[in-house]
Amino acid sequence: MTFLWMLEGIRTPFLDRFMQFVTYFGQELIIIAVICALYWCADKRFAYLLGFTYFTAGLCVQTLKITFRIPRPWILDPEFKAVESALPGATGYSFPSGHTQGATCLFFPLALRISQVWAKVLCVLAFLCIGFSRMYLGCHTPKDVMVSMTLSILISCVIWRYRDVLLEDRRYLRVIAAVLVCLSLAAAAYSLLLLKDGVIETRYAMDCCKAAGAGLGFAAGWYTERTKINFDPHTGSTQSKVIRLLAGLAAALLLKESFSLIFGSSILAKMSEYFILVLWVLVIYPYIFSRLLSRNKPL
C-alpha cells in the first residue's frame, strides 16, 4: 500500500488516461481477439500455444483468488482511492492480478517466439508496463502483480518447453485433453464448494467458473479440431482473411450477448457461455468457413 500511495501522489489526468489505455491490452477481449486472428488467419500452432498458456494460467489465477481472498486496495485501506475509470474492470479479489496474467501470457510467449532482440524487448516491456498500470490505477498491489507475472512466466516456459508434445505428437491428445478437463472441473467444483459453505460470494465463484468453462471449451475444441477438422488458416486471400476475422469476431460477440439474454447470468449459464464461445472459436467457426472454402464460395 505504501507503493500505491506513492503512485497516487504522481497521478495526473493525462497519466490516468494513458495508463487506462495501457491496461486495456491486458483485458480478456484483446487476448481472445489476438488468439482468434492467429488461429483463423495466420498461425494456428502458435495460437494453440497461446491458448494453452492463457487458459491454464487463468485457471490457476482464479483458483488462487478464491483461496487467498485478498480484497482490493481500496478495501484494505478505505482512505485510498483508485482511478475511477479503472473500477468497472476491477472485479473479483485482488490477488493475483488477472490483467497481468493475461498480458504476460500473451507477450511473454511472443518474446520467446520472435527472433529479433528489439522485438523481444518490446514484448517484455509490454507486459511489464501493463502490470505497472494496474498498480498506478490503484487496482493491485505489487504482490498481486509480481505473483501473477511470475506464475504466468513459469507456465509459459513449461508449455513452451513441451510445445512439440502438445502441438505435434498425436499420441497424447486424449491424455492432454483429459488433464485440462480435470483441472477445469476441479476449479469449478472448488469454487462451488466454497460458495456452498458461505466462504465466498456468488460473483467470486462465477469468475472461477467462467475460467473453468473456457478451459473445458478449449480442451474439447482442441481435441475435436485436431482429430476431426484440421483446418488450414492460410487458405484464402488477405482480403478474405480480414473478412473472415471480422465476421467471426462479430458473430462471437453476438453469441455472447444473445446467450446472456436468453439464459441469464447464473453461474451455470456463464460457465456454459464461455464453454460455447471457446468452441465457436476453435471448432464451429473453422468448420463453417472450411466448408465454404471447400465449395469454392467467397467468404
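Residues numbered from 1 in each chain as written. Predicted model: local features only at pLDDT ≥ 70, side-chain atom pairs only at ≥ 80, totals over all residues. Heavy atoms only, no water.

**Quick word on the overall build of the protein chain**
In terms of regular secondary structure, the protein chain is built from 13 helices and 0 strands. Reading the secondary structure of the protein chain in the N-to-C direction produces α-α-α-α-α-α-α-α-α-α-α-α-α. In terms of principal-axis extent, the alpha carbons of the protein chain reach across some 65 × 50 × 40 Å. Burial status across the protein chain gives 48% buried among its 299 residues. Taking the intrachain contacts of the protein chain between residues at least 6 apart in sequence as the baseline, contacts between residues at least 24 apart amount to 79%. For the protein chain, the accessible area works out to roughly 14600 Å², and carbon and sulfur atoms hold 69% of it. Averaging the positions of the 29 positive and the 18 negative side-chain charges in the protein chain gives two centres separated by 9 Å. (Helix = DSSP H or I, 4+ residues; strand = E, 2+ residues; numbered from the N terminus. Buried < 20%, exposed > 50% of the residue type's maximum accessible area, 1.4 Å probe, protein only. Contact = heavy atoms within 4.5 Å. Areas by Shrake-Rupley, 256 points an atom, 1.4 Å probe, with all protein chains shown as cover. Lys, Arg positive; Asp, Glu negative; His and termini not counted. Charge placed at Lys NZ, Arg CZ, Asp CG, Glu CD.)

**Let's talk about the packing of aromatic side chains**
Tallied over the entire structure, the rule returns 19 aromatic pairs. Seen in terms of ring centroids, Phe52 and Phe218 are 4.9 Å apart; in terms of plane orientation they differ by 85°. Their pairing is edge-to-face. In this pair, Phe52 sits in helix α4 (residues 44-68) while Phe218 sits in helix α11 (residues 202-229), placing the two residues 166 residues apart along the sequence. Note on Phe52: relative accessible area 6%, which makes it buried. On the numbers, 5.2 Å between centres and 25° between planes, the contact of Trp280 with Tyr285 is stacked. The class of Trp280 is buried, set by a relative accessible area of 13%. Counting every residue linked through ring pairs, the aromatic cluster contains Tyr39, Trp40, Tyr48, Phe52, Tyr54, Phe55, Phe218, Trp222, Phe231, Trp280, Tyr285 and Phe289. Above the ring of Trp160, the side-chain terminus of Arg163 is found at 4.2 Å from the ring centroid. Sitting over the face of the ring of Phe289, Arg244 holds its NZ or CZ atom 4.5 Å from the ring centroid. (Phe/Tyr/Trp six-rings, centres within 6.5 Å; stacked < 30°, edge-to-face > 60°. Lys NZ or Arg CZ within 6 Å of the ring centre and 35° of its normal.)

**Brief notes about α11**
A rise of 1.5 Å per residue sets the reference length of α11, with its 28 residues, at 40 Å; its end C-alpha atoms lie 38 Å apart and thus fit the reference within 8%. Downstream of α11 by one or two residues, Asn230 has phi in the positive range, about 50°. (Expected span 1.5 Å × (residues − 1).)

**Side note on the pattern of salt bridges**
Evaluation of the coordinates by the stated rule reveals 9 salt bridges. Between Lys44 and Glu225 there is a salt bridge; the shortest N-O distance is 3.0 Å. Of the two residues, Lys44 is situated in helix α4 and Glu225 in helix α11; the sequence distance between them amounts to 181 residues. Overall, the relative accessible area of 15% leaves Lys44 in the buried class. A cluster of three or more residues bridged by salt bridges with shared partners is formed by Arg45, Asp164 and Glu168. (Salt bridge = Lys/Arg side-chain N within 4 Å of Asp/Glu carboxyl O.)

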